[in-house]
Amino acid sequence: MLISSFLSRFWYISMVACYQNQTTCQWHYYDYRKFHAHPPEIDYDIQLVNGNPNRLSASFFNPLLFHFSFDQQNTLEMYLIFFVIYLVMVPLQIYAVRLQKHPVTRLFTISLLLEFISVCLLLTHTVRYAMNGVGNEKLAITGDIFDIFSRTSFMLILLLLAKGWAVTRLQISVSSWILLMVIWIPYCAIHVLLYIWNRTEVDIISDIDEYQTWPGWLVLACRSTMMLWFLWELRITMKYEHSTQKLDFLLHFGASSLVWFIYLPIVALIAVNVNPLWRYKLLLGITNSADCLAYCVMMGLLWPNRAGQYLLLTGSHYTGMDELDEFNEAPHIVHRDSDSVLRVSDDDYQDNDDEIETLVLSTDDLLSAGNNGGIESPPTVVSSGGSKPLILNGRSRNHL
């Protein structure tokens, strides 16, 4: 038994086929063919623990730390905390998705379930490792892959919202969907392949973390690329949006999402200067905490009684969405705060070449007409700079 009470360090065991010459006290390579016809079989049992197994006092024995390397201690407690948090969040989100059946809400529910399954698998592996020092490596790998799918699906939600889906429009064009899938699906595949590469090719004896290897660098590069695409799509959506309330929402949504995108590259750079004995726990704690916080924020954002303030999650029977999107992107748009759709009175407007007025309605006004039940609004006088004001009466969209 080897017991060390000095500072924490990494210990490795190397088994070499050799023997000692009793005359010269020199070590020589053991060639079994000189002594045996077949390679000998050796049965051995090696147990490496942190603490003295013969002394059960708290200072020498902790069942939650006993089998873990120093750099992985307290990971069991960490997974237990996130398991409890997700155990509360998942039933609440399932309740929310039953009240608000929309593709955005369903996609977020899938992402949250994938993360919960990942935490359950990793927790099971960690508990078994704490019991026998072996655990179940297949469960750990499966949990990591589920975590990758959860993060990539959450990234897909952010990209869809940045494109204006459920914020400024209820549908996305077919070409936009194709472009999104052409980029997002290879990104998921590359992420999984880089994880496999990191698990199989990187030397486990080295004291570097996953983000100091080629697979880790490529993962960070892909994530940064997706972040730039997210900002580009968000910029286009904000450029053609004219509602002050939605612009304010998009601004705060973009800022919080940018924090989620950029935190991992920053933390990976900081971790380079962190002691290897603390680096693994630092990365694991920050990444899981950031993802959990992002899920909490998105859950509150999509909660049924709050989402209607800035999201179009109730659906619509109007099918002309492509045309409305084109109208909404027009350079001159007249907006009003009421929910009724405006109509130009034929009696108050005459076709005169010198007094031609152009009125383009926002998509938000057109979509909100169906919620008024045909109730007429009082006439509103709008002047656009001509010699005669336009008398606008609130009617249903069929009168446009």
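Residues numbered from 1 in each chain as written. Predicted model: local features only at pLDDT ≥ 70, side-chain atom pairs only at ≥ 80, totals over all residues. Heavy atoms only, no water.

1. A short note on the pattern of salt bridges
If the charged atoms of two oppositely charged side chains come close together, the side chains can form a pair.
Right, so step 1: In this structure the tally under the stated criterion is five salt bridges.
Right, so step 2: Linking Arg 199 and Glu 137 is a salt bridge whose minimum nitrogen-to-oxygen distance equals 2.2 Å. On the criterion of sequence distance, the pair formed by Arg 199 in helix H4 (residues 174-201) and Glu 137 in helix H3 (residues 137-162) is long-range, its members being 62 residues apart.
Right, so step 3: With a relative accessible area of 35%, Arg 199 lands in the partly exposed category.
Right, so step 4: The partner of Arg 151 in a salt bridge is Asp 291, with the nearest N and O atoms 2.9 Å apart. Of this pair, Arg 151 sits in helix H3 while Asp 291 sits in helix H7 (residues 276-301), and the two are 140 residues apart along the sequence.
Right, so step 5: Overall, the relative accessible area of 2% leaves Asp 291 in the buried class.
Right, so step 6: Beyond isolated ion pairs, a larger network of salt bridges with shared partners links Asp 147, Arg 151 and Asp 291. (Salt bridge = Lys/Arg side-chain N within 4 Å of Asp/Glu carboxyl O. Helix = DSSP H or I, 4+ residues; strand = E, 2+ residues; numbered from the N terminus. Buried < 20%, exposed > 50% of the residue type's maximum accessible area, 1.4 Å probe, protein only.)

2. Remarks on H4
Right, so step 1: End to end, H4 covers 40 Å across 28 residues, agreeing with the expected 40 Å (1.5 Å per residue, within 8%).
Right, so step 2: Among the residues making up H4, those that are buried are Ser 176, Leu 180, Trp 184, Tyr 187, Cys 188, His 191, Val 192, Leu 194, Tyr 195 and Asn 198.
Right, so step 3: Residues of H4 that are buried in the fold lie against H3 and helix H5 (214-239). (Expected span 1.5 Å × (residues − 1). Contact = heavy atoms within 4.5 Å.)

3. Comments concerning H5
Along an α-helix, a turn takes 3.6 residues, which lines up residues three or four apart on a common side.
Right, so step 1: The end-to-end C-alpha distance of H5, which contains 26 residues, comes to 38 Å, matching closely the 38 Å that a straight helix rising 1.5 Å per residue would cover.
Right, so step 2: Of the surrounding secondary structure, the elements contacted by the buried residues of H5 are H3, H4 and helix H6 (244-271).

4. As for the UniProt feature "transmembrane region" (unreviewed entry) in the protein chain
Right, so step 1: Annotation from UniProt places "transmembrane region" (unreviewed entry) at residues 78-95, 107-127, 139-162, 174-197, 217-237, 249-270 and 282-303.
Right, so step 2: In the segment residues 78-95, helix accounts for 100% and strand for 0%; the C-alpha atoms at its two ends are 27 Å apart.
Right, so step 3: Note that residues 282-303 is 91% helix and 0% strand, and that its end C-alpha atoms are spaced 32 Å apart. (UniProt positions renumbered as here; feature names shortened; annotations may be inferred.)

5. Some thoughts on a nonpolar patch on the surface
Right, so step 1: Taken together, the side chains of Ile 13, Met 15, Ile 42, Tyr 44, Ile 46 and Leu 48 make up a nonpolar region of the molecular surface, amounting to roughly 700 Å² of accessible area.
Right, so step 2: With respect to the element layout, Leu 48 can be found in the loop between strand E2 (27-29) and helix H1 (75-99).
Right, so step 3: Classification of Leu 48 as exposed rests on a relative accessible area of 54%. (Patch = residues over 30% accessible without salt bridge, like charges linked within 9 Å, V, L, I, M, F, W, Y side chains within 5 Å. Areas by Shrake-Rupley, 256 points an atom, 1.4 Å probe, with all protein chains shown as cover.)

6. Here's the deal with the packing of aromatic side chains
Right, so step 1: The tally for this structure, following the rule as stated, stands at 14 aromatic pairs.
Right, so step 2: Centre to centre, the rings of Tyr 19 and Tyr 30 are 6.4 Å apart; their planes meet at 80°, and the pair counts as edge-to-face. Within this pair, whereas Tyr 19 is found in strand E1 (residues 18-20), its partner Tyr 30 is found in the loop between E2 and H1, the two being separated by eleven residues in sequence.
Right, so step 3: The class for Tyr 19 is partly exposed, based on a relative accessible area of 32%.
Right, so step 4: Measuring from ring centre to ring centre gives 5.7 Å for Trp 165 and Trp 177, while their planes differ by 80°; the resulting arrangement is edge-to-face. Here the residue Trp 165 occupies a position in the loop between H3 and H4, and Trp 177 occupies one in helix H4, the gap between them amounting to twelve residues.
Right, so step 5: Relative accessible area serves as the criterion here: at 8%, Trp 165 is assigned to the buried category.
Right, so step 6: A residue is classified by how much of its surface remains accessible, and Trp 177, at 29% relative accessible area, is partly exposed. (Phe/Tyr/Trp six-rings, centres within 6.5 Å; stacked < 30°, edge-to-face > 60°.)

7. Structural notes on the nonpolar core
Side chains of nonpolar character tend, in soluble globular proteins, to be buried together.
Right, so step 1: One finds Tyr 86, Phe 253 and Met 298 to be the most contacted residues of the largest nonpolar core, which totals 64 residues.
Right, so step 2: Within the residue set of this core, elements represented by two or more residues are H1, helix H2 (103-132), H3, H4, H5, H6 and H7.
Right, so step 3: Once residues lying within four places of it in the same chain are set aside, the contact partners of Tyr 86 are Pro 91, Leu 112, Glu 115, Phe 116, Val 119, Asp 291, Cys 292 and Tyr 295. (Core = buried A, V, L, I, M, F, W, Y, C linked by side-chain atoms within 4.5 Å.)

8. Here's the deal with unusual backbone geometry
Across the chain, the bulk of peptide bonds are trans and the bulk of non-glycine residues have phi less than zero.
Right, so step 1: Non-glycine residue Cys 25 carries a positive phi angle of around 60°.
Right, so step 2: Within the secondary structure layout, Cys 25 lies in the loop between E1 and E2.
Right, so step 3: The backbone of Asn 74 sits at a positive phi, close to 75°, despite the residue not being glycine.
Right, so step 4: You can see Asn 74 is positioned in the loop between E2 and H1.
Right, so step 5: Its relative accessible area of 39% is what places Asn 74 among the partly exposed residues.

9. Considering the packing of H3 against H5
Each packed pair of helices is defined by two parameters, the angle between the axes and the distance between the axes.
Right, so step 1: At a closest axis distance of 8 Å, the pairing of H3 and H5 adopts a crossing angle of 25°. By the angle class used here, H3 and H5 are roughly parallel. Here Met 155, Leu 158, Leu 159 and Ala 162 of H3 come into contact with H5, specifically with Arg 223, Met 226, Trp 229, Phe 230, Glu 233, Leu 234 and Thr 237.
Right, so step 2: A per-class count over the contact of H3 with H5 returns eight nonpolar, one polar and two charged. (Axes fitted to C-alpha atoms, helices over the stretch in contact; angles between N-to-C directions. Parallel < 35°, antiparallel > 145°, perpendicular 65-115°, else oblique. Nonpolar A, V, L, I, M, F, W, Y, C, P; charged D, E, K, R; others polar.)

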